[in-house]
Amino acid sequence: MAEKVSAISQPQVQVKEFIPGEKLVFEAVTATMPEIKGLKYKDQKIKFKSDSATEKEKKEALEGLLEKYAEEKEISRAVKNGDRVEIDFEGTLKGLPFDGGASKNHPIVLGSNVMIPGFEEKIVGHKAGEEFNFEIVFPKEYHAKNLAGQKVEFKIKINKSFEKIKPTLDDNFAKNFGLDSLESLKKELAKELDLQKDLAARRKTEEKIIETIIKENKIEAPKVLVDEEIHRMVHEAEHNLSHSGLTMDKFLEMSNKTIEELHKEMEPEAVKRVQIGIVLGEVARLEKIEVNEAEIDSEIEKIIATATPGTNVEDLKAAYDTPERRREIGNNIIIRNTVEKLWQFNVSK
């Protein structure tokens, strides 16, 4: 008897009996999607609430703009927090150099706390051109076990130092954004902050809707899909690390972890992603949410319209007009429309 199954992995085939030209008996084992009967995904009656930006948030946003448009000026005075320095440093542990303990022209914004605790404070008060030494104790929980809790000596040379000069917050500053007054800038910034808070609140509500569906329907995550998602997450992590000049092996060494431990840490998030995918896929099927080629074309046009000025539009179109990218865009449209449908079903007016 033939059975229709939703396979989600490559079948493992084992031949049980084989007589050439007469008989073939085999066993095929594959993971299947969990059966969902009567999925409950409506009428949660969730209230949606979005708050306006606070005065503190508006002030911080203005400060952020001033920081963005600040200019740097090289200085000869003693440096303080907020200044940027470029330094050479060499660290030694019991008189011997250690991995990662030296750098040339290393940029640091003092007070940003990107270095180990106490390091940046030791530089404050010195001037460009100075050379000096200091001792510092590494944190007991430092990722490199050979340095954790150890007293290390650093030799420092400040090559250059800079201070940030922020623009004056006035009507002239507003002209950087095509506005005629500081008041107009504040209003536009407040509107943008409110929009961002509204979007964040909406994302949170969408997550609550789907999490409730997962819980109420006791959605299971097949191990094969979880393993595949972990593999994708590791690949994402490798890609992100490459932007910082790190490899996965180096990251694991610095974190004092094995790849198996990293997989274990990623598993809860992978399970959640798989459960969400199962729910959205089933709701899309039940509600007959589909996408056509015209919708994909329209979405590609929107993406191209937001491209950086000077981008070769024809090359960009060619990059998106592949079966793989079109399928990816189509899936994103279906997901977006499915989430919107869940919003209509579950969020109270």
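Owing to the predicted nature of the structure, the values given are computational and were not obtained by experimental measurement.

Reading the values: the criteria
Residues numbered from 1 in each chain as written. Predicted model: local features only at pLDDT ≥ 70, side-chain atom pairs only at ≥ 80, totals over all residues. Heavy atoms only, no water. Salt bridge = Lys/Arg side-chain N within 4 Å of Asp/Glu carboxyl O. Helix = DSSP H or I, 4+ residues; strand = E, 2+ residues; numbered from the N terminus. Buried < 20%, exposed > 50% of the residue type's maximum accessible area, 1.4 Å probe, protein only. Contact = heavy atoms within 4.5 Å. Core = buried A, V, L, I, M, F, W, Y, C linked by side-chain atoms within 4.5 Å. Axes fitted to C-alpha atoms, helices over the stretch in contact; angles between N-to-C directions. Parallel < 35°, antiparallel > 145°, perpendicular 65-115°, else oblique. Left-handed = near helix turned anticlockwise from the far one by under 90°. Nonpolar A, V, L, I, M, F, W, Y, C, P; charged D, E, K, R; others polar. Expected span 1.5 Å × (residues − 1). Polar contact = N/O pair within 3.5 Å; in protein donor to acceptor, adjacent residues only side chain to side chain. Pairing = 2+ DSSP bridges.

(A) Region of the structure containing the pattern of salt bridges. By the definition in use, this model includes 33 salt bridges. Residues Lys56 and Glu60 are paired through a salt bridge, measuring 2.7 Å at the closest nitrogen-oxygen approach. Pair noted here: Lys56 and Glu60 are both in helix H1 (residues 55-68), with a separation of 4 residues, about one helical turn. Judged by its relative accessible area of 45%, Glu60 is partly exposed. Salt-bridge contacts for Arg202 lead to Glu340; the nearest nitrogen and oxygen are separated by 2.6 Å. Placement of Arg202 in helix H4 (residues 182-217) and of Glu340 in helix H10 (residues 323-346) is noted, with a sequence separation of 138 residues between them.

(B) Summary view of the environment of Gly111. By the secondary structure assignment, Gly111 is in the loop between strand E5 (96-109) and helix H2 (119-123). Here the alpha-carbon distance between Gly111 and Asn81, two residues 30 residues apart in the chain, equals 5.0 Å. In this structure, Gly111 is in contact with Asn81 and Glu120, ignoring residues within four places of it in sequence.

(C) Focus on the environment of Lys175. With respect to the helices, strands and loops of the structure, Lys175 is situated in the loop between helix H3 (171-174) and H4. Classification of Lys175 as exposed rests on a relative accessible area of 52%. Note: C-alpha distance between Lys175 and Leu185 (10 residues apart in sequence) is 8.8 Å.

(D) Expanded view of the nonpolar core. In terms of nonpolar packing, the biggest core is built from 28 residues, with Ile209, Ile213, Val279 and Leu342 touching the most fellow members. Secondary-structure elements contributing two or more residues to this core are H4, helix H5 (223-242), helix H6 (248-255), helix H7 (259-286) and H10. Of the residues forming this core, the biggest block, 8 residues, is contributed by H7. Discounting chain neighbours no more than four positions away, the residues touching Ile209 are Gln44, Ile46, Leu342, Trp343, Asn346 and Val347.

(E) Inspection of unusual backbone geometry at higher detail. Its identity as a non-glycine residue notwithstanding, Lys94 has a phi of 55 degrees, on the positive side. With respect to the helices and strands, Lys94 occurs in the loop between strand E4 (84-93) and E5. Among the residues examined, Lys94 registers a relative accessible area of 75% and is labelled exposed. Within the chain, Asn113 stands out as a residue other than glycine whose phi angle is a positive 60 degrees. Tracing the backbone shows Asn113 in the loop between E5 and H2.

(F) Highlighting the packing of helix H8 (residues 293-305) against helix H9 (residues 313-320). Between H8 and H9, the shortest axis-to-axis distance is 11 Å and the interhelical angle comes to 140 degrees. Considering the angle they form, H8 stands oblique to H9. For H8 against H9, the interelement crossing comes out right-handed. In this structure, H8 contributes Ile300, Glu301, Ile303 and Ile304 to the contact, and H9 contributes Val313, Leu316, Lys317 and Tyr320.

(G) Expanded view of the packing of H5 against H7. Put simply, H5 and H7 touch, their axes get as near as 8 Å, and they point 115 degrees apart. Crossing angle aside, the handedness with which H5 passes H7 is right-handed. In this structure, H5 uses Leu225, Val226, Glu229, Ile230, Met233, Val234, Glu236 and Ala237 to contact H7, whose residues at the interface are His263, Met266, Glu267, Glu269, Ala270, Val271, Arg273 and Val274. For the contact of H5 with H7, the class distribution of residues is 10 nonpolar, 1 polar and 5 charged.

(H) Representation of the side chain of Glu299 within the structure. Its place among the elements puts Glu299 in helix H8. Here Glu299 falls in the buried class, since its relative accessible area comes to 15%. Contact partners of Glu299, with chain neighbours within four places excluded, come to Ile329, Ile333 and Arg336.

(I) Representation of H8 in the model. Along its 13 residues, H8 runs 18 Å from first to last C-alpha, staying within 8% of the 18 Å computed at 1.5 Å per residue. Buried residues along H8 sit against H9 and H10. Between a side-chain oxygen at the N-terminus of H8 and the backbone nitrogen of Ala294 the separation is 3.2 Å; the capping residue is Asn292.

(J) Up close: the pairing of strand E7 (residues 151-165). Summarising the sheet, strand E3 (residues 71-74) and E7 pair through 4 bridges and their orientation is antiparallel. Directly across from Glu71, in E7, lies its bridge partner Ile165. Sheet topology places E4 next to E7; 9 bridges connect them, and they run antiparallel. When the sheet's bridge partners are listed, Ile87 is paired in E7 with Ile158. Of the strand pairs in this sheet, strand E6 (residues 131-137) and E7 are connected by 7 bridges, and their pairing is antiparallel. Bridge pairing links Phe132 to Ile156 in E7.

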